[in-house]
Amino acid sequence: MTTYLSGIQSSGLQHLGNYFGAIRRHVEGAAEPGEHFYFIADYHSLTTSRDPVTLREQVRETAITYLALGLDVERAALFRQSDVPEVCELTWLLSCLTGMGLLERAHSYKDKIARGVKPNVGLFTYPILMAADILAYDSTHVPVGKDQKQHVEMTQDIAQSFNAIYGEVFVRPEPVIPGDERLARVPGLDGEKMSKSYGNDLWIFEEGKKLKKAVGRIPTDSRPPDEPKDPEGLLLFDFLALFVEPEELDDWRQRVQVGGAGAPGYGHLKQRLIEGIDANLGPARERRRELLAHPAEVDAILAAGAERARARARATRDRALEACGLRG
Ligand code: AQP
């Protein structure tokens, strides 16, 4: 059976990288045949979150984000990671046979350390919790951005080690990364990967003056509009590509390349980007506002999703406990 599974952290607001690299694909993918599980990774958020009130709010905000963007919860189970504590039991079983060297090779951990993030054990062992999440639902397909590819490959290694010792307990998952590099790794406002913890992110629902200010941060240079330029080197074009049709993008590219009186200035292009963001995400902003007024409905959706997810995770946990001699 085809089972799709993916998660998203609830630390901070979801950004355009999360949208294009993950959420939009989950929403569209829910129409595919198979089972769909999407969870809000609140256990993962504890590696950085220290404020319980904020964490609770962010979990609900993340659920609202999925719903406002159109996730069909009849087809896909949307749930809170911590509503399925079986993943913690699986994490321990997997931890006992995961080599330190495997975790030490994780790019995401190394990048965070390089950026001065103070590591804790949870951050270091994050890939094992992620492996437990993936394996708990017998996931076959894991739609994620490029930054998470290595973590899914580590899950494959961990599952293989377990199965080699105890028999075929876990299903091998495959990462599903967007073929289009612009979606697989959405740049931040500084050109690095857009990331909550790097302060270069743009919230999916940003609007008005704050949106204008954020778009204003995208670096440009002091060359005048009529000077011919290579659009490939302009970060602004990476963003425009996400929000305007390819034909229109080609037209802008050509005009920038040729230069002269018909070429747009950076301010003009930034204005077009804002219009594109408004046109694409404006309707979802409205749905978000409606959902914010109905928190009990959102909580009920999460509870129903957890029930569906937990039934699967229990069966996997029982299989794993029995296989390694803790039951049966
Ligand atoms: N810039 C990105 N481009 C494409 N996809 C991205 N994703 C994240 N950033 C980009 C994808 O979003 C999903 C959820 O990510 P997450 O919130 O669970 O954690 P993350 O990947 O670590 O996201 P951040 O913003 O970088 O969070 P921090 O800074 O807290 O670590 C994943 O599928 C991810 O690939």
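Heads up: these notes are all about the structure in this document. Numbering of residues starts from 1 in each chain and follows the order in which that chain's sequence is written. Residue-level local features of this predicted model are given only where pLDDT is at least 70; pairs of side-chain atoms are given and counted only at 80 or more, and the full residue set underlies all totals for whole chains, interfaces and linings. Only hydrogens and water are set aside when side-chain values are computed; all heavy atoms of the structure are taken into account.

## Digging into the overall build of the chain
Line of reasoning, step 1. For the chain, the helix and strand inventory stands at 14 helices and 5 strands.
Line of reasoning, step 2. If you line up the chain on its principal axes, its C-alpha atoms span 80 × 45 × 40 Å.
Line of reasoning, step 3. The contacts in the chain between residues at least 6 apart in sequence include a share of 79% that link residues at least 24 apart.
Line of reasoning, step 4. Residues counted as positive are Lys and Arg, residues counted as negative are Asp and Glu, and His and the chain ends are not counted. Note that the charge is assigned to NZ on lysines, CZ on arginines, CG on aspartates and CD on glutamates. Looking at the chain, you have 41 positive and 48 negative side-chain charges, and the mean spots of the two groups are 4 Å apart. By definition, any uninterrupted DSSP run of H or I lasting at least four residues is a helix, any uninterrupted run of E lasting at least two residues is a strand, and each is numbered from the N terminus. Contacts are residue-level and defined by heavy atoms, with any inter-residue pair within 4.5 Å sufficient.

## Points about the pattern of salt bridges
Line of reasoning, step 1. Criterion for a salt bridge: a side-chain nitrogen of Lys or Arg within 4 Å of a carboxyl oxygen of Asp or Glu. What the rule picks out here adds up to 24 salt bridges.
Line of reasoning, step 2. With a shortest N-O distance of 2.6 Å, glutamate 248 and arginine 272 are connected by a salt bridge. One end of the pair, glutamate 248, is in helix α12 (residues 246-258); the other, arginine 272, is in helix α13 (residues 266-292), with 24 residues separating them in the sequence.

## Examining helix α7 (residues 121-136)
Line of reasoning, step 1. The span expected for a helix works out to 1.5 Å for each residue beyond the first. Between its first and last C-alpha atoms α7 spans 22 Å; for 16 residues at 1.5 Å apiece the expected length is 22 Å, and the two agree.
Line of reasoning, step 2. Along its length, α7 reaches its greatest deviation from straightness, about 45°, at proline 127. Two axes enter the bend calculation: one fitted to the seven residues ending at the residue in question, the other to the seven starting there, and the bend is the angle between them.

## Points about helix α3 (residues 52-68)
Line of reasoning, step 1. Across its 17 residues, α3 extends 24 Å between first and last C-alpha, which sits within 8% of the 24 Å expected from 1.5 Å per residue.
Line of reasoning, step 2. Two or three places before valine 53, at the start of α3, stands the capping residue aspartate 51, its side-chain oxygen 3.1 Å from that residue's backbone nitrogen.
Line of reasoning, step 3. Of the residues flanking the end of α3, it is glycine 70, one or two places downstream, whose phi is positive at about 105°. Definition of a polar contact: a pair of N or O atoms within 3.5 Å, with one able to donate and the other able to accept a hydrogen when the atoms are protein atoms, and with sequence-neighbouring residues admitted only if both atoms are side-chain atoms.

## Section: the site of the ligand
Line of reasoning, step 1. Proximity criterion: a residue is near a molecule or strand once any of its heavy atoms comes within 4 Å of it. The environment of the ligand is formed by 22 residues, the closest being Lys112, Asp147, Ser195, Lys196 and Ser197.
Line of reasoning, step 2. At a separation of 3.1 Å, an oxygen atom of the ligand approaches a polar side-chain atom of asparagine 18.
Line of reasoning, step 3. Lysine 196 is positioned such that a nitrogen or oxygen atom in its side chain is 2.4 Å from an oxygen atom of the ligand.
Line of reasoning, step 4. Computed on the free molecule, the ligand has an accessible area of 640 Å², of which 95% lies beneath the protein chains in the complex.
Line of reasoning, step 5. Of all the secondary structure elements, the ones that give two or more residues to the shell around the ligand are β1 (3-9), α1 (16-29) and α9 (181-184).
Line of reasoning, step 6. With 4 residues, the top contributor of residues to the shell around the ligand is α1. Each accessible area is a Shrake-Rupley result for a 1.4 Å probe, and residues are judged covered by the shown protein chains and nothing else.

## Looking at unusual backbone geometry
Line of reasoning, step 1. In this model, aspartate 138 sits at a positive phi of 55°, which is unusual for a non-glycine residue.
Line of reasoning, step 2. Residue placement: aspartate 138 occurs in the loop between α7 and β4 (141-143).

## Comments concerning the nonpolar core
As a rule of thumb, soluble globular proteins bury nonpolar side chains together.
Line of reasoning, step 1. One finds Leu69 and Leu273 to be the most contacted residues of the largest nonpolar core, which totals 56 residues.
Line of reasoning, step 2. Residue contacts for leucine 69: discarding those within four places in its chain leaves Tyr19, Ile23, Val27, Ile204, Phe205, Leu281, Ala284 and Arg287.
Line of reasoning, step 3. Here, nonpolar core refers to any group of buried Ala, Val, Leu, Ile, Met, Phe, Trp, Tyr and Cys residues whose side-chain atoms link them within 4.5 Å. Three exposure classes are used, based on accessible area relative to the maximum for each residue type with a 1.4 Å probe and protein chains only: buried under 20%, partly exposed in between, and exposed over 50%. Counting residues in each nonpolar core, the second largest holds 41 residues, with Ile134, Ala136, Met154 and Ala306 among its members.

## Notes on the pairing of β1
Line of reasoning, step 1. In terms of burial, β1 is largely enclosed, as 6 of its 7 residues are buried.
Line of reasoning, step 2. Bridging between β1 and strand β2 (residues 35-41) involves 7 bridges; their strand directions are parallel. The residue bridging glutamine 9 from the neighbouring strand is alanine 41, located in β2.
Line of reasoning, step 3. For the crossover that starts at β1, traverses α1 and ends in the parallel β2, the hand is right-handed. Strands were regarded as paired on the criterion that DSSP finds at least two bridges between them. Viewed with both strands pointing away, a crossover whose connecting path from the first strand over the helix to the second turns clockwise is right-handed.

## Observations concerning the side chain of serine 139
Line of reasoning, step 1. Of note, serine 139 is situated in the loop between α7 and β4.
Line of reasoning, step 2. When its relative accessible area of 1% is taken as the criterion, serine 139 is described as buried.
Line of reasoning, step 3. Within the structure, serine 139 has its side chain in polar contact with the backbone oxygen of isoleucine 134 (distance 2.7 Å).
Line of reasoning, step 4. In this structure serine 139 touches Thr3, Leu5, Ile134, Val171, Arg172 and Pro173, once residues within four positions along its chain are discounted.

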